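# Examination of the molecular architecture
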Amino acid sequence: MVTRKALRVVSAAAAVVSAVALGAGGTAAAVGAPAAWNVAPEADVSHHGHVSLWGTGLGIWLRSENRGPADLSGVTVRLRVSVPLAGLQELPPECLQADRSTVLCRTGALHADGAEQRQLALELQLAGRPAEVVVRIDTVWNGGATDRNAANSDHEVLAPATGDEYVF
């Protein structure tokens, strides 16, 4: 005699077995063969450079690279400033102003060997003459790759209005 509860348990188990046999792509896999998994590529994106503040001007010099193991078709780096920007900024063609304190820039392709570095120089105008500014640099898009070493791509830099270069 089979109870309804036992029938439901057997049906649920059959559904799980079917899902595993079909794999992530929805195609049948051989019994005992590993299911196909969609695994994100892995990359190690890094951003380094320096920031300088003088009067109402803020200079950001940035170098981006990828130490792999996967090549990337491009990366979007976000530059956030603790002081509002003075209106619309004149930016390089690979950058756009997202809001009053954020600029987004694309790097272009970054190969996994780190040999291809993308450099960017920005001179932003700030609203007012701050005594200091905090600049936050991070990656907001990298094609879906996993980056287990975000410490070399996420930075926060305090730049006093001395005109000196503060390295990150």
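In short, a report on the structure. (Residues numbered from 1 in each chain as written. Predicted model: local features only at pLDDT ≥ 70, side-chain atom pairs only at ≥ 80, totals over all residues. Heavy atoms only, no water.)

## Some words on the overall build of the chain
For the chain, the count of helices and strands is one helix and nine strands. What you see in the chain, going N to C, is helices and strands ordered as α-β-β-β-β-β-β-β-β-β. Once local pairs closer than 6 in sequence are excluded, the contacts in the chain between residues at least 24 apart make up 69%. As presented, the chain carries roughly 9,900 Å² of accessible surface, and 56% of it is formed by carbon and sulfur atoms. (Helix = DSSP H or I, 4+ residues; strand = E, 2+ residues; numbered from the N terminus. Contact = heavy atoms within 4.5 Å. Areas by Shrake-Rupley, 256 points an atom, 1.4 Å probe, with all protein chains shown as cover.)

## Concerning the sheet that holds strand S8 (residues 155-160)
Here five strands make up an open sheet; going across it, the order is S4-S5-S3-S7-S8 and the pairing antiparallel. Strands at the two margins of the open sheet, each flanked by one partner only, are strand S4 (95-99) and S8. Neighbouring strand axes in the sheet, compared pairwise and without regard to direction, differ in orientation by 25° on average. When strand S3 (residues 76-81) meets strand S7 (residues 132-141), the two strands line up antiparallel, connected through six bridges. (Pairing = 2+ DSSP bridges. Axes fitted to C-alpha atoms, helices over the stretch in contact; angles between N-to-C directions.)

## With respect to the nonpolar core
Leu58 and Leu122 are the most contacted members of the largest nonpolar core, which totals 23 residues. Listing elements by their share of this core, those giving two or more residues are strand S1 (45-54), strand S2 (57-66), S3, strand S5 (102-106), strand S6 (118-125), S7 and S8. Residues within four places of Leu122 in sequence aside, it is in contact with Leu58, Gly59, Ile60, Leu79, Leu91, Pro92, Cys95, Val103 and Cys105. Judged by nonpolar contacts, the second largest core, of six residues, contains Ala43, Leu72, Val75 and Leu110. (Core = buried A, V, L, I, M, F, W, Y, C linked by side-chain atoms within 4.5 Å. Buried < 20%, exposed > 50% of the residue type's maximum accessible area, 1.4 Å probe, protein only.)

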